[in-house]
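# Working through the structure, step by step
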Amino acid sequence: MNLVVLTGAGVSAESGVPTFRASDGLWEGHRVEAVATPEGFAANPALVQDFYNQRRRQLATVHPNAAHRALADLAARWTGEFLLVTQNVDDLHDRAHADTPPAPGFELIHMHGELKKARCTASGVVCDWAGDLAPAHASPHHPRGTLRPHIVWFGEIPLEMERIEAALARCDLFVSIGTSGAVYPAAGFVQLARMAGARTVEINLEPTQGARLFDEGVYGPASETVPGFFGTL
Ligand code: BV8
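Each value, and the rule that gives it
Residues numbered from 1 in each chain as written. Predicted model: local features only at pLDDT ≥ 70, side-chain atom pairs only at ≥ 80, totals over all residues. Heavy atoms only, no water. Salt bridge = Lys/Arg side-chain N within 4 Å of Asp/Glu carboxyl O. Buried < 20%, exposed > 50% of the residue type's maximum accessible area, 1.4 Å probe, protein only. Disulfide = S-S within 2.5 Å. UniProt positions renumbered as here; feature names shortened; annotations may be inferred. Contact = heavy atoms within 4.5 Å. Polar contact = N/O pair within 3.5 Å; in protein donor to acceptor, adjacent residues only side chain to side chain. Pairing = 2+ DSSP bridges. Helix = DSSP H or I, 4+ residues; strand = E, 2+ residues; numbered from the N terminus. Axes fitted to C-alpha atoms, helices over the stretch in contact; angles between N-to-C directions. Arc of directions from axis to C-beta. Expected span 1.5 Å × (residues − 1). Domains from an automatic or database assignment. Buried area = accessible area lost by both parts, 1.4 Å probe.

What follows deals with the pattern of salt bridges. Applying the stated criterion to the full structure yields 10 salt bridges. Its salt-bridge partner being Lys 117, residue Glu 114 comes within 3.0 Å of it at the nearest N-O pair. By relative accessible area, Lys 117 is classed as partly exposed at 22%. The closest approach of N and O atoms between Arg 148 and Glu 156, which form a salt bridge, is 2.8 Å.

Okay, here's the thing in structure tokens:
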């Protein structure tokens, strides 16, 4: 059986990583356009680098939770194809799978980029990056380049879309976990899975605006609902 799982900020919430659209969410105090668009970065690189520097620093203080670990346990024993697509830019899935090595059919894709990577604005080269980035951080990859966060901002094309769409076209089960379904193209993945004839399940704290698009819904905190659901698979 081929499985595609999509995760959003809700899967990391119980690890202490703030979500975006909750009352205490990340977008509070920031206009999305100012901190998560190429125009915002061009207009005020210091503000945007600081927004991501703060979040990159916070990674040292958070850890994978039971939901991340349940997905890693599943990936270790899954015999079919298992694509885990995350909209999250934290490294909590990566750390959970590093602790529990996955079976060969598993793949993790960060479709909106990663906090712990930087990208050269001139060459496009992506490199690991754990520290802060300065407003105009000289790039080691190109004499005229600077380093920006390796993050997909609004108006930019998400990463690995062909691989994601190919996996959705042949999946038997699609599970969306901890995402509000507010951002495209991720919010449209359930429709692609339905067109492929897959069983579709929404796992979230509460029903989302797209709940009616799913065959089933499982509601509650991810640290409980994710182990519960995947423990039966
Ligand atoms: C693109 C940067 C073209 C990384 C992010 C008009 C209509 C439709 C679409 C558009 C439109 N105008 C513009 C668009 C396109 C736009 C878009 O969708 N805009 C929206 C706002 C309308 N999209 C884009 O620009 C994308 N690019 O379309 O390019 C294209 C497309 C395909 C092919 C070719 C070309 C780029 C989108 C990426 C933007 N970058 N962030 C960062 O800073 O982190 S988006 C941002 O929102 C994050 O990446 C985040 O991942 C994403 C989604 O948010 P969620 O993860 O869902 O988080 P949220 O807070 O919303 O929800 C949390 C959920 O968890 C809630 O449901 C809550 O109930 C639940 N929860 C909370 N606690 C728990 C829990 N669940 C379980 N347990 C808990 N404990």
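The subject of this paragraph is the state of the cysteines. Across all of its chains, the model carries 0 disulfides by this definition. Take Cys 120: it sits in no disulfide, and the sulfur closest to it among the cysteines is that of Cys 127, at 8.4 Å.

Below, the discussion takes up the UniProt feature "active site" (unreviewed entry) in the chain. Feature annotation in UniProt assigns "active site" (unreviewed entry) to the following positions: His 112. Apart from residues lying up to four places away in sequence, His 112 is in contact with Thr 86, Gln 87, Val 89, His 150, Ile 151, Val 152, Pro 158 and Val 183. At 3.4 Å, the side chain of His 112 forms a polar contact with the backbone oxygen of Gln 87.

On to the sheet that holds strand S6 (residues 137–138). A sheet is described by the order of its strands in space; here 4 strands give the open sequence S5-S4-S7-S6, paired in antiparallel fashion. Edge strands, defined here as strands with exactly one partner in the open sheet, are strand S5 (126–128) and S6. Relative to S5, strand S4 (residues 113–120) runs antiparallel, the two sharing 3 bridges. Bridging across to S5, Ala 118 finds its partner in Cys 127. In the packing of helix H3 (residues 45–58) onto the sheet, the strands contacted are S4 and strand S7 (146–151), and the crossing angle to S7 comes to about 60°.

Turning our attention to unusual backbone geometry. Here the bond from Tyr 184 into Pro 185 is cis, since omega is 0°, no more than 30 degrees from zero. Looking at where Pro 185 falls in the secondary structure, it is placed in the loop between strand S8 (173–177) and helix H7 (189–195).

Further remarks concern the UniProt feature "binding site: substrate" (unreviewed entry) in the chain. Cross-referencing UniProt, the feature "binding site: substrate" (unreviewed entry) maps to Tyr 52 and Arg 55 in the present numbering. With respect to the helices and strands, the residue Tyr 52 is situated in helix H3. Excluding anything up to four places from it in sequence, Tyr 52 contacts Val 35, Ala 36, Leu 115, Pro 149, Ile 151 and Trp 153. The residue Arg 55 is located in helix H3 in this model. Arg 55 sits in the buried class, given a relative accessible area of 12%.

Those residues of helix H6 (residues 161–169) that fall on the buried side of the exposure criterion are Met 161, Ile 164, Ala 167 and Leu 168. Down the axis, H6 shows its buried residues gathered within 130° of arc, on one side only. In this structure, H6 carries Glu 162 and Ala 169 as exposed residues pointing more than 90 degrees from its buried face. Residues of H6 that are buried in the fold lie against strand S1 (3–7), strand S2 (82–86), strand S3 (106–110), S8 and H7.

Turning our attention to helix H4 (residues 66–77). Given a rise of 1.5 Å per residue, 12 residues ought to cover 16 Å, and the 17 Å separating the end C-alpha atoms of H4 matches this to within 8%. Summarising the contacts, the buried residues of H4 are in contact with S1, S2, helix H5 (92–99), S3, S8 and helix H8 (222–231). You can read the cap of H4 off the contacts: a side-chain oxygen lies 2.7 Å from the backbone nitrogen of Ala 67, and it is on Asn 65.

Attention shifts here to the domain arrangement of the chain. Each domain of the chain was delimited in the assignment, giving domain 1 (1–17 + 63–112 + 158–232) and domain 2 (18–61 + 113–151). Here the C-alpha centroids of domain 1 and domain 2 sit 24 Å apart. Facing the 19 residues of domain 1 at the interface are 14 residues of domain 2. Buried area between domain 1 and domain 2, summed over both chains or domains, comes out near 1200 Å², and the portion from carbon and sulfur atoms is 55%. The interface formed by domain 1 and domain 2 contains 1 salt bridge. Our count for the domain 1 to domain 2 interface comes out at 4 residue pairs in polar contact (both at pLDDT 80 or more).

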